[in-house]
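Descriptive analysis of the structure
Chain by chain, the residues run as shown.
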Amino acid sequence: MLIYFLLSIILFLSVIEFITVLFKLTGLSEEKARFQVISLLTGAGFTTKEAELITQHPLRRKLAQLLMLLGYIGFLTETSFLVNIIKNSMNIRNIFILISFFIIIWLVSKNSLLLSFLDHIIEKIVLRKYTRKKSVGKMYKLVNRAKGYGIYNIIIDDNSPLVGISLMNSNLKPNNMIILNIDKGNEFIGFPRRDYILEKGDNILIYGKIDQVIKTFHLNQKTKDK
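**Quick look at the overall build of the chain**
Broken down by element type, the chain carries 7 helices and 5 strands. Its helices and strands taken in sequence order, the chain reads α-α-α-α-α-α-β-β-β-β-β-α from the N to the C terminus. For the chain, the exposed area adds up to about 14000 Å²; of that, 63% sits on carbon and sulfur atoms.

**Quick word on the pattern of salt bridges**
Counting across every chain of the model gives 3 salt bridges. Two residues, D202 and K184, come together in a salt bridge whose shortest N-O distance is 2.9 Å. With D202 in the loop between β4 (188-190) and β5 (203-209) and K184 in the loop between β3 (177-183) and β4, this residue pair connects regions lying 18 residues apart in the sequence. For D202, a relative accessible area of 2% corresponds to the buried category. Salt bridges sharing common partners tie together K184, E199 and D202.

**Details of the pairing of β3**
Counted residue by residue, β3 has 5 buried out of 7 residues, so it is predominantly covered. The sheet contact formed by β3 and β5 spans 6 bridges and is antiparallel. Paired with M177 across the bridge in β5 is G208. For β3 and β4, the ladder comprises 3 bridges, and the chain directions are antiparallel. Its bridge partner lying in β4, N181 is registered against G190.

**Thoughts on the nonpolar core**
Most often, soluble globular proteins have nonpolar side chains that are buried together. Counting residues in hydrophobic clusters, the biggest one holds 19 residues, and the most contacted among them are I204, I206 and F217. Top element by residues in this core is helix α7 (residues 210-217). It accounts for 4 residues. Setting aside anything within four residues of it in sequence, one finds I206 in contact with G150, I151, Y152, I154, L172, M177, I178, I179, L180 and F217. By size, the runner-up hydrophobic cluster in this structure holds 16 residues, among which are I16, L22, L41 and V126.

**Some details on the confidence of the model for the chain**
Confidence in the prediction for the chain averages 76 pLDDT; 80% of positions are at 70 or higher. For the chain, per-element mean pLDDT is lowest for strand β1 (residues 140-146), which scores 59, and highest for β3, which scores 90. Confidence over residues 131-138 falls short of pLDDT 50; this stretch has 13 contacts with residues more than four positions distant or in other chains.

**Comments concerning the packing of helix α1 (residues 2-25) against helix α4 (residues 58-88)**
It is the contact of α1 with α4, at a shortest axis distance of 10 Å, that shows an interaxial angle of 165°. Between α1 and α4, the angle falls in the class roughly antiparallel. When the axes of α1 and α4 are compared, the crossing they make is left-handed. For the pair α1 and α4, contact is made by L2, Y4, F5, S8, I9, F12, V15, I19, L22 and F23 and by R60, L63, A64, L66, L67, L70, G71, G74, E78, F81, L82 and I85, respectively. The residue inventory of the contact of α1 with α4, partitioned by class, reads 17 nonpolar, 3 polar and 2 charged.

Cut-offs and rules
- Numbers given for residues are sequential positions, taken from 1 along each chain in its written order.
- With the structure being a predicted model, the display of local features is reserved for residues of pLDDT at least 70 and the display and counting of side-chain atom pairs for 80 or more, all residues being used for whole-chain, interface and lining totals.
- Note: side-chain values were computed over all heavy atoms of the structure, leaving out hydrogens and water.
- Secondary structure elements follow DSSP: runs of H or I of four or more residues count as helices, runs of E of two or more count as strands, with numbering from the N terminus.
- A 1.4 Å probe and the Shrake-Rupley method give the accessible areas. Residues count as covered only by the protein chains that appear here.
- One side-chain nitrogen of Lys or Arg within 4 Å of one carboxyl oxygen of Asp or Glu is enough to make a salt bridge.
- Between buried and exposed lies partly exposed: a residue is buried under 20% and exposed over 50% of the maximum accessible area for its type, with that area taken using a 1.4 Å probe on protein chains only.
- For two strands to count as paired, DSSP must find a minimum of two bridges between them.
- Side-chain atoms within 4.5 Å are what join buried Ala, Val, Leu, Ile, Met, Phe, Trp, Tyr and Cys residues into a set we call a nonpolar core.
- Should any heavy atoms of two residues lie within 4.5 Å, those residues are considered in contact.
- The pLDDT score gives, residue by residue, the confidence of the prediction method on a 0 to 100 scale.
- Here the axes come from fitting lines to C-alpha atoms, over the contacting stretch only for helices, and the angles between their N-to-C directions go from 0 to 180 degrees.
- For this classification, under 35 degrees means roughly parallel, over 145 means roughly antiparallel, 65 to 115 means roughly perpendicular, and everything else is oblique.
- Helix crossings get a hand from a simple test, with the near helix turned counterclockwise from the far one by less than a right angle marking a left-handed crossing and a clockwise turn marking a right-handed one.
- Nonpolar residues are Ala, Val, Leu, Ile, Met, Phe, Trp, Tyr, Cys and Pro. Charged residues are Asp, Glu, Lys and Arg, and all others, Gly as well, are polar.

What follows is the structure, encoded as structure tokens:
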């Protein structure tokens, strides 16, 4: 019973780390993503401003729903395992194993280099699987369309030529495109200044000529109306 309890904790923590990476890929900073995951799993809650980072983003809302469900199931499972261990197999040896296990988990959680390495591996796996299904400009959505113009919600990825380029040098405006706002996860920028430098993970809301948007961000034309 003890081994199943320890394995379930490892699995649960792995899921937490995996979903933390998914939150980061939506534009949240690592610190903010981890805080949101822990808050949702424990049901501790968070401030109204931080809640808006979740509720106003469709993918984050889905992840939040999954986390709340996992938190509930995980709490019941771990409690059941622990009660059975205490009732049926609690002895000095098992107590020592439990204490040693939680000390190791605590040390791992404090090792930022190891966590960064694990996050990097998870991120590569997620992005590799995602890019097999969609084009390079994969994380986007056509919000509204009228007479050849549209409002797109696009997440800037590694492959975007705009990463590290300021808005004034991006050549967007001369090509009939205007960025209306930028959601950085831990910061929301409405009508960004011309000297703003675009970064990987920026969730931008852009208005412009559909053909130009598709060309600039290398979007899949077959799914441009999705």
